[in-house]
Amino acid sequence: MKARIRVTLKNGVLDPQGKAIENALGGLGIPGVAEVRQGKYFEVDLKETDEAKAKATVEKMCKDLLANTVIENYAFELVKA
Amino acid sequence: MKASIIVFPGTNREHDMADCLLAVSGKPARLVWHAETEIPQSDLIVLPGGFSYGDYLRTGAMAAHSPIMRDVIKKAHAGVPVLGVCNGFQILCESGLLPGVLQRNASLKFICKDVWLKVENASTLFTSKYQKGELARMICAHGDGNYFADNTTLDQLEHDGRVVFRYADAQGRVTAEANANGAQRNIAGICDPKGRILGMMPHPENAVEAALGSTDGRRLFESVVEALVG
């Protein structure tokens, strides 16, 4: 089973890197960009085959390490590998 | 005073810290490798600056889960004073010993310059030899020093006197221009409720000799020595 995990900054948390990318897109002449927020994406291969157990494991890894919940949210989906 | 300096892969300020502790306390500090599981009996634990684990994932995030950190947390809860400077501050936040997080500098640039710090709390274990409101010259060297916490947490820190240092200008004004990295409310250093765990971005250990441009950091270590060994 594979976990696809997205970690994104919470609303209201300043994202200077996203802002710099936003400005760079403007500099490239790409129109219509209102805002850019940068996040992280992880793929984790799990040996677990039970979906409920896998979900609990991924929740724990997100809370304990992959996301800092002071500033970040996380979301994930489990897919058959 | 027996001090232990924790060394992670990528730590690079441990010898500056060791030199400083030797100069101020007269006793050599012990370097403790992150893979150890227990810190020998210590009066002070220091998490020095550097780039532990290459700043992978988030600054301080990997180091916060190193084997030795379980003992750092245990000893901190038991009352052993802990000082975290720069990357050490980031690790203290990631490990939950201090609230908030250090984000990328608002300018996106690595900052290497001298700054003025306003001493906001002179009654912690680390600041008793300063005066409240005094300005201290120290050195910043970081890319991720932009302190962030939600407003509730910030209000609580202010209310409890846990904001220890703020970036200020040479006249002591806490302004946006003097804010080195975009930190919320110009915060440069905070402590735990008992004032025994201090995290700060600027380097007091690099402001202990006139040849280095400032000696204002020396009293931070003298405060600790006086409190711990009299």
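Provided above is the structure to which this section pertains.
What you are looking at is a predicted structure, and each value in this text was computed from that prediction instead of being measured.

Colleague: Residues and numbers for the sheet that holds strand 3 (residues 72–79) of chain A, please.
Modeller: All names here are of chain A. Taken together, the three strands give an open sheet; going across it, the order is 2-1-3, and neighbouring strands pair in antiparallel fashion. Only two strands of the sheet have a single neighbouring strand rather than two, namely strand 2 (40–45) and strand 3. Averaged over all neighbouring strand pairs, the angle between strand axes comes to 20°, with direction disregarded. Sheet topology note: the strand 1 (residues 2–9)/strand 2 ladder contains six bridges and is antiparallel. Across the sheet, Ile5 pairs through a bridge with Phe42, a residue of strand 2. Packed on one face of the sheet, helix 2 (residues 51–66) meets strand 1, strand 2 and strand 3 and runs near 155° to strand 3.

Colleague: Could you give me a rundown of the sheet that holds strand 9 (residues 163–168) of chain B, with the residues and numbers involved?
Modeller: Residues and elements named next belong to chain B. Spatially, 2-1-3-4-11-10-9-6-7 is the arrangement adopted by the nine strands of the open sheet, whose pairing is mixed. Single-partner strands in this sheet number two, and they are strand 2 (30–33) and strand 7 (135–142). Direction aside, neighbouring strands of the sheet carry axes that sit 25° apart on average. Here strand 6 (residues 111–119) pairs with strand 9 via four bridges, running antiparallel. Looking at the pairing, Leu117 lines up with Tyr167 of strand 9. Contacts from helix 1 (residues 14–25) reach strand 1 (3–7), strand 2, strand 3 (44–47) and strand 4 (82–85) within the one sheet, and its direction differs from that of strand 1 by about 175°. Packing of helix 2 (residues 67–77) onto the sheet brings it into contact with strand 1, strand 2, strand 3, strand 4 and strand 11 (197–200), and relative to strand 3 it is tilted by some 135°.

Conventions used here
Residues numbered from 1 in each chain as written. Chains lettered and ligands numbered in written order. Predicted model: local features only at pLDDT ≥ 70, side-chain atom pairs only at ≥ 80, totals over all residues. Heavy atoms only, no water. Pairing = 2+ DSSP bridges. Helix = DSSP H or I, 4+ residues; strand = E, 2+ residues; numbered from the N terminus. Axes fitted to C-alpha atoms, helices over the stretch in contact; angles between N-to-C directions. Contact = heavy atoms within 4.5 Å.

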